[in-house]
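Each chain, written out:
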Amino acid sequence: MTTAPDRTVESSAKDAGSEREAAAAARVTRAAAAGGPVVGLGLALLATVVWSGSFVTSRALADSVPPVQHAFWRWLIAIAAVAPFALRATWRQRAVLRRHFGHLLAASFLGVTLYNTLVNQAGVTTTAGNMGMIMAASPVLMAGYERLGGARLGARRTTGMLVACAGVLLLVSKGSLALDFAPGDLWVIGGAFAFGSYSALLRRRPPELGGLPFLFATFVLGALMLLPAYAVSLTVQGGFSPTAGTVTPLLYVGVVSSAVAFFAWNKAIALIGAARAGVVYYLQPVCVALLSLALLGEDMSWPRAACMGLILGGVALGSTAVRGRSLSS
């Protein structure tokens, strides 16, 4: 039987928990204001550049590591890289994680389980350059989600997005606007939708949930959801040989492209929003094209360079401030 003093103690504990969550939310808001749009844009750029290398590694590993196994080991390495920094904070926030388990599960499935697996599968039948170009469509979806949520995109940001998008379309179609997709291109389109949806979910991350616990929880849940597909891949396709040519790229995508880049991207969206971070993401096909030229020998032509200039101009237009207005507005 619960006595009146017991109920009072329980009520006080709940009130204290609510106060701690409110204080955590206030700290997040103050940090976002202090960090400012410049930091947010810099973090979005860092993630975009790092992820560009992931498309090159997906293409490079396509013949030696099955796509699902590539994704699974990527996330195991990422979990090992983040765990020393995130375990204590994740344990402290276990009640918050349980309360928002549905949100975590959706983010894990879209951003961890689905997105990179689709990109890895695409690498089997399309070029790294095409993967980067098509993935640049995801900012349109991010902006669409923000607009549906009531956010005002503004004329300058919308114009910059359209200019960059035009550059991407010309780049993919080689100037003809007659798109001829390979099977791998279709896998990347699925990946673009998964990543755009994941980025939209980040904007709705509960403010009391810290960045590292969120990141670590999504990595673990995403890897667990990949486990059945990994078992099937091992049975049907067999494993891969752990050589320098396979382990080194996996370490890159696990530590740099997952642990570092996802943390930077998540923080960028918290600071400047998915739509503005998405404008920076348009730089990805430029980065991928340059990396694939240098590392894989994929072709580069003057029309491609001109399209990249168009993309860069759109990004510059869409991500700079309008006089008298904040970048984060």
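Residues numbered from 1 in each chain as written. Predicted model: local features only at pLDDT ≥ 70, side-chain atom pairs only at ≥ 80, totals over all residues. Heavy atoms only, no water.

Peer 1: Is there a simple way to think about the side chain of serine 108 in this case?
Peer 2: With respect to the secondary-structure elements, serine 108 resides in helix H4 (residues 101-122). There is a polar contact of 2.7 Å between the side chain of serine 108 and the backbone oxygen of leucine 104. Setting aside chain neighbours within four positions, we find serine 108 in contact with Thr113, Ala217, Thr218, Leu221, Gly222 and Met225. (Helix = DSSP H or I, 4+ residues; strand = E, 2+ residues; numbered from the N terminus. Polar contact = N/O pair within 3.5 Å; in protein donor to acceptor, adjacent residues only side chain to side chain. Contact = heavy atoms within 4.5 Å.)

Peer 1: Help me understand the confidence of the model for the protein in this model?
Peer 2: Detailed reading of predicted coordinates is not advised where the pLDDT is low. Across the protein, pLDDT averages 76, with 69% of residues at or above 70. When the criterion is pLDDT under 50, residues 321-329 qualifies, and its contacts beyond four places in sequence or with other chains add up to 13 contacts. (pLDDT = per-residue confidence, 0-100.)

Peer 1: Sorry if this is basic, but what is going on with the nonpolar core here?
Peer 2: Soluble, globular proteins show a tendency: their nonpolar side chains are buried together. Of all hydrophobic cores here, the largest spans 62 residues; its most connected members are Tyr115, Phe195, Phe219 and Trp265. If we skip the residues at most four places from it in the chain, phenylalanine 195 touches Trp51, Tyr115, Met135, Ser138, Met142, Trp265 and Tyr281. Judged by nonpolar contacts, the second largest core, of six residues, contains Leu61, Val65, Ile77 and Leu250. (Core = buried A, V, L, I, M, F, W, Y, C linked by side-chain atoms within 4.5 Å. Buried < 20%, exposed > 50% of the residue type's maximum accessible area, 1.4 Å probe, protein only.)

Peer 1: When you look at the environment of glycine 123 in this model, what are you seeing that I'm missing?
Peer 2: Structurally, glycine 123 is set in the loop between H4 and helix H5 (128-135). Residue class for glycine 123 comes out buried when judged on its relative accessible area of 0%. With 63 residues separating them along the chain, glycine 123 and alanine 60 place their C-alpha atoms 8.0 Å apart.

Peer 1: Whenever I open this one, the packing of helix H8 (residues 183-203) against helix H10 (residues 244-272) confuses me. Can you help?
Peer 2: Two quantities define a packed helix pair, namely the angle between the helix axes and the distance between the axes. Contact geometry for H8 and H10: axes closest at 9 Å, N-to-C directions at 55°. Comparing the axis directions of H8 and H10 gives the class oblique. Crossing of H8 against H10: the hand is right-handed. Facing Phe195, Tyr198, Ser199, Leu202 and Arg203 of H8, the residues of H10 in contact are Phe262, Trp265, Asn266, Ile269, Ala270 and Ile272. Here the residues of the contact of H8 with H10 sort into eight nonpolar, two polar and one charged. (Axes fitted to C-alpha atoms, helices over the stretch in contact; angles between N-to-C directions. Parallel < 35°, antiparallel > 145°, perpendicular 65-115°, else oblique. Left-handed = near helix turned anticlockwise from the far one by under 90°. Nonpolar A, V, L, I, M, F, W, Y, C, P; charged D, E, K, R; others polar.)

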